[in-house]
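# Topology and contacts: notes
Here are the chains, one letter per residue:
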Amino acid sequence: MADLSPQELRVLAAVADAGGFSAAGAALGLTQSAVSHSVRGSEAKVGAVLFERGRAGARPTPAGERAVALGRRILRMYEVLGAEARGAGRDTVAGVLRIAAFRSAALHLLPPALDRLAARHPGIRPEVRVVRELGAGTAGEVAAGRADLGIATLNATGATGATGSVPAEAAAPGRLLTGVLREEAYALVHPAGHPDPKALPLLDWDENCGSYTRDWWRAQDWIPRATVKAEDDGMVLTMVGRGLGMAILPELSLREATDAVDITGLGPSGPVRRVGYVTTPEFASTLAVRALIRELRAEEG
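Structural notes, computed from the coordinates.

Reading the values: rules and limits
- Residues numbered from 1 in each chain as written.
- Predicted model: local features only at pLDDT ≥ 70, side-chain atom pairs only at ≥ 80, totals over all residues.
- Heavy atoms only, no water.
- Helix = DSSP H or I, 4+ residues; strand = E, 2+ residues; numbered from the N terminus.
- Buried < 20%, exposed > 50% of the residue type's maximum accessible area, 1.4 Å probe, protein only.
- Contact = heavy atoms within 4.5 Å.
- Areas by Shrake-Rupley, 256 points an atom, 1.4 Å probe, with all protein chains shown as cover.
- Lys, Arg positive; Asp, Glu negative; His and termini not counted.
- Charge placed at Lys NZ, Arg CZ, Asp CG, Glu CD.
- 1 Å grid on protein atoms, 1.4 Å probe; cavity = no way out; pocket = protein on both sides within 12 Å on 5 of 7 lines; lining within 4 Å.
- Points joined across faces, edges and corners; volume = space filled by probe spheres on them.
- Nonpolar A, V, L, I, M, F, W, Y, C, P; charged D, E, K, R; others polar.
- Salt bridge = Lys/Arg side-chain N within 4 Å of Asp/Glu carboxyl O.
- Pairing = 2+ DSSP bridges.
- Core = buried A, V, L, I, M, F, W, Y, C linked by side-chain atoms within 4.5 Å.
- Expected span 1.5 Å × (residues − 1).
- Arc of directions from axis to C-beta.

### Considering the overall build of the protein
When helices and strands are counted, the protein shows eleven helices and eleven strands. Projected onto its principal axes, the C-alpha coordinates of the protein cover approximately 70 × 50 × 30 Å. Within the protein, the proportion of its 301 residues that are buried is 48%. At a minimum sequence separation of 6, the contacts of the protein that also span at least 24 residues come to 75%. Total accessible area computed for the protein in this model is approximately 14100 Å², and 54% of it derives from carbon and sulfur atoms. Treating the 34 positive side-chain charges of the protein as one cloud and the 34 negative ones as another, the clouds have centres 6 Å apart.

Next up, the structure:
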């Protein structure tokens, strides 16, 4: 099988991102026919159909999703090759470092680590994307080649994603690497001074579900069905502070708590979630990712 060239990989990624051959051509400065020709050539080399064509555009097949994800990661390694070579033996590196993180981690876990990273490696330029921990979540961004490192929720087995499952893109070959950064307990948060917080309506958000809470949650006969599903944990905390109900939130989310709420522990049997980093085998060895992991570990150390 002939190897795909970097340009062919760029075309595949552009078609997947743009959702069609014409839009991909416009983004790359190519004609629609040139894009179509390149995709057909890539499919012939790979031996699989990579896109479903239709009037609405082009959508990656399962084979195409895998090829595009690996293609993005290969192209990203081309981008960092020069910085890695120049930084070898000098303990310094420059260039863009792409990070995906869920909201509370981006607000409270990353900033001090990035401050120290900037002091030690001023040439690194972090780009942070906030991603909801639903479905593939931040790990999916890493697996798909859109981030070099993700801050994710991890279940007890080290798998990633709020649903407790490893995204399909992370399947071998190219399995993701994870490491635990912190373990944080959940707590009951309720309006300050309320005499019976467990009698209040439950406020929740879609990301607040995982293998680390599910069994405990089901065993609690005092937790009602959520009457409100908010956009994120920050909104839940605000609504609790306004007296609209109670919620069960992890420690990172509670760093934004004000005097309008009280926080009550759930005891030694309460749920605990793991927060960690996710990266790929190839990026785990790069200078920038290794430097960020050191700073993230120092924050919790």
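### Thoughts on empty space enclosed by the protein
Across all of its chains, the model carries two cavities of 30 Å³ or more by this definition. The volume enclosed by the largest cavity comes to roughly 120 Å³. Along the wall of the largest cavity there are 13 residues; nearest its centre are F102, E133, W205, E207 and R273. Among the residues forming the lining of the largest cavity, the class breakdown is three nonpolar, four polar and six charged. D91, T92, V93, H121, L287, A291 and R294 together form the lining of the second largest cavity. Counted by class, the lining of the second largest cavity contains three nonpolar, two polar and two charged residues.

### Observations concerning the pattern of salt bridges
Applying the stated criterion across every chain, the model contains 22 salt bridges. Note that E231 is salt-bridged to R132, the shortest N-O span being 3.7 Å. In this pair, E231 sits in the loop between β8 (226-230) and α8 (233-241) while R132 sits in the loop between β4 (124-130) and α6 (137-143), placing the two residues 99 residues apart along the sequence. With its nearest N and O atoms 2.5 Å apart, the salt bridge here joins R273 to E184. In this pair, R273 sits in strand β11 (residues 272-279) while E184 sits in strand β6 (residues 177-191), placing the two residues 89 residues apart along the sequence.

### Re the layout of surface pockets
Here the largest pocket defines a volume of roughly 210 Å³. Lining the largest pocket are R10, A13, L28, R72, L75, R76, Y78, E79, R98, G145 and R146. For the lining of the largest pocket, the leading source of residues is helix α4 (residues 62-87), giving five residues. Residues that form the lining of the largest pocket fall into these classes: four nonpolar, one polar and six charged.

### Here's the deal with the pairing of β11
Counting buried positions along β11 yields six of eight residues, so the element is predominantly enclosed. Bridge count between strand β5 (residues 149-154) and β11: six bridges; the pairing is antiparallel. Note that in β11 the partner of A152 across the bridge is G276.

### Quick look at the nonpolar core
Counting 29 residues, the largest nonpolar core has L97, L149, I151, L292 and L296 as its most contacted members. Contributions of two or more residues to this core are made by α4, β3 (95-101), α5 (103-120), β5, β11 and α11 (287-300). Leaving out residues up to four positions away in the same chain, L97 has contacts with R76, L117, I124, R125, P126, E127, D148, A288, V289 and L292.

### A few points about helix α3 (residues 32-46)
The end-to-end C-alpha separation of α3 is 21 Å, in line with the 21 Å expected for 15 residues at 1.5 Å each. Within α3, burial applies to V35, S36, S38, V39, S42 and E43. The arc that holds every buried residue of α3, seen down its axis, measures 160°, which confines them to one face. Counted as exposed and oriented over 90 degrees from the buried face of α3: H37 and A44. The elements touched by buried residues of α3 are α1 (6-18), α2 (21-28) and β1 (51-54).

Purely geometric stuff here, so don't read any function into it on its own.
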